[in-house]
Amino acid sequence: MSFCNKLFLLIFNIFLMSQAFSEPPHFPSGTRNVTIPATIGVRTDLLNHIAPLVEQSIAKGKYPGAVILAYHRGHLIYRGVFGSRQILPNVASMQFNTIFDVASLTKVVATTPAVMQLVEQGKLELDSPVAAYWPAFAEHGKENVTIRELLTHTSGLPADIVSPAHGETQILQQIAQLKLNHPAGTAYLYSDINFIVLAYLVERISGESFAVYTQHHIFKSLGMRDTSFLPNTARRNRIAPTGVVNHELRWGVVEDPMAYAMNGVSGNAGLFSTATDLGIYAQCLLNNGRLPSKNRQQKSKYLLGPLTVLKMTTPQTSPALDRGERSLGWDMDSAYSNRGVLFPVRSFGHTGWTGTSIWIDPVTQTWLIILTSRTHPVAASNNQIVEDRRIIANMIAASIIDTPVLNQNNTGQGELARAYPHAGIVRNG
């Protein structure tokens, strides 16, 4: 073990001891940089409540820092930078351009749009069996699992592989040998394996590695300059480290065990990005898939067509499956949702285990990015970011006053089913 690793472990053990004997745990206050521009159609006074909420969670040791970015109708309405980018091996303040391990946001920022591009090109069909593109997958009763079922987590595949092999080829062999937990299409089970398979299909069909495909056909097209798998070590000082795994701090290396076993490139996790880049992607979807262009005279180009974006973000599951709704890749109204209760049910988003989230609402033309590194240096016993981002979503949604409410709905079937757990699925309207 190198001297640097020994020193780090010593510092880390001292940190753990200090946390064990302090009530409550405490993180440095660090950065506080908030911008709330005066914006037509927005009650900016409500947005002043976001900072105290975040700073309270930082002070209680729930997560070391956060970057929050929200836009409405193409205009910035909130930008907040709080706390610390890292606590170990030294304390460093959070910066707006901090690069985060976005964990499962990979599923909707990389894998889902890649799959939908192949659907547009006629190279992949949503309701075709996976085995039509990867014959070995059919083993052990998986021959009828479809692409749509992978995207909606209704495939019946297990959540993950308990002891994953090392390397893509070996893990794919393990997946081929898996049996379904339940018949495809009959129940919901969030599964990282679904998106590992989808990324592999992208590779088989496109002839490119998943990292190369997504870089060329998604991130470069959008101008997402800080988004990639396997980030360059030259950017290390901008990256927020995550947790300590096997006595090593994950810093610029994916924390997710499945993605790590696949050498950092996977369809379920592994992507690194910034608030700015994720905002570019969110705005593209609100613009019906149109790529950003500085030249208004230039002919519009598209990441995905408008009807493809609509299909991707339309409910695809029954609330009866998991007391909520999901679209293709995206969460809409599930128990994991960071929608809050005020954004319309037409909105969609996703979360990441490391403390990241994105929420997009086409009704009010609003998007919200919340990035934290909640597993650094250790994950808090209470995952406070889950509650915080729902409250922040409510604050952002409540601030929007220039949207018609007639014929809109912001109470979903999943929300009601969770509110009345002993009454079964409640029918709304």
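Note that the structure is a prediction, hence the values are computed from the model and not measured.

A.B. asks: For this particular structure, what's the right way to read the packing of helix α4 (residues 106-120) against helix α8 (residues 210-222)?
C.D. replies: Between two packed helices, both the angle of their axes relative to each other and the distance between the axes serve to describe the pair. For the pair α4 and α8, interaxial distance at closest approach is 10 Å and the crossing angle is 75 degrees. One way to sum up the angle between α4 and α8 is to call them roughly perpendicular. Contacts from Val 109, Ala 110, Thr 111, Pro 113, Ala 114, Gln 117 and Leu 118 of α4 reach α8 at Phe 210, Tyr 213, Thr 214, His 217, Ile 218 and Phe 219. Residues belonging to the contact of α4 with α8 are distributed by class as follows: 9 nonpolar, 4 polar and no charged.

A.B. asks: What is the right way to look at the pattern of salt bridges in this model?
C.D. replies: Throughout the structure, instances matching the rule amount to 9 salt bridges. Arg 148 is the salt-bridge partner of Asp 127, the closest N and O atoms lying 2.7 Å from each other. Residue Asp 127 is found in the loop between α4 and α5 (147-151), and its partner Arg 148 is found in helix α5; the two are separated by 21 residues along the sequence. On the accessibility criterion, Arg 148 (22% relative accessible area) is partly exposed. Between Asp 333 and Arg 339 there is a salt bridge, with the nearest N and O atoms lying 3.4 Å from each other. Judged by relative accessible area, which is 2%, Asp 333 ranks as buried. On the basis of relative accessible area, Arg 339 is assigned to the buried category, the value being 0%.

A.B. asks: Explain the packing of aromatic side chains here, please?
C.D. replies: The geometry of an aromatic ring pair is captured by the separation of the ring centres together with the interplanar angle, meaning the angle of the planes. The final tally for this structure, using the stated rule, is 7 aromatic pairs. The ring of Phe 96 has Arg 79 sitting right over it, with the charged end atom 4.1 Å from the ring centre. The residue whose ring lies beneath Arg 250 is Tyr 260, and the NZ or CZ to ring-centre distance is 3.7 Å.

Rules of the game
- Residues numbered from 1 in each chain as written.
- Predicted model: local features only at pLDDT ≥ 70, side-chain atom pairs only at ≥ 80, totals over all residues.
- Heavy atoms only, no water.
- Axes fitted to C-alpha atoms, helices over the stretch in contact; angles between N-to-C directions.
- Helix = DSSP H or I, 4+ residues; strand = E, 2+ residues; numbered from the N terminus.
- Parallel < 35°, antiparallel > 145°, perpendicular 65-115°, else oblique.
- Contact = heavy atoms within 4.5 Å.
- Nonpolar A, V, L, I, M, F, W, Y, C, P; charged D, E, K, R; others polar.
- Salt bridge = Lys/Arg side-chain N within 4 Å of Asp/Glu carboxyl O.
- Buried < 20%, exposed > 50% of the residue type's maximum accessible area, 1.4 Å probe, protein only.
- Phe/Tyr/Trp six-rings, centres within 6.5 Å; stacked < 30°, edge-to-face > 60°.
- Lys NZ or Arg CZ within 6 Å of the ring centre and 35° of its normal.

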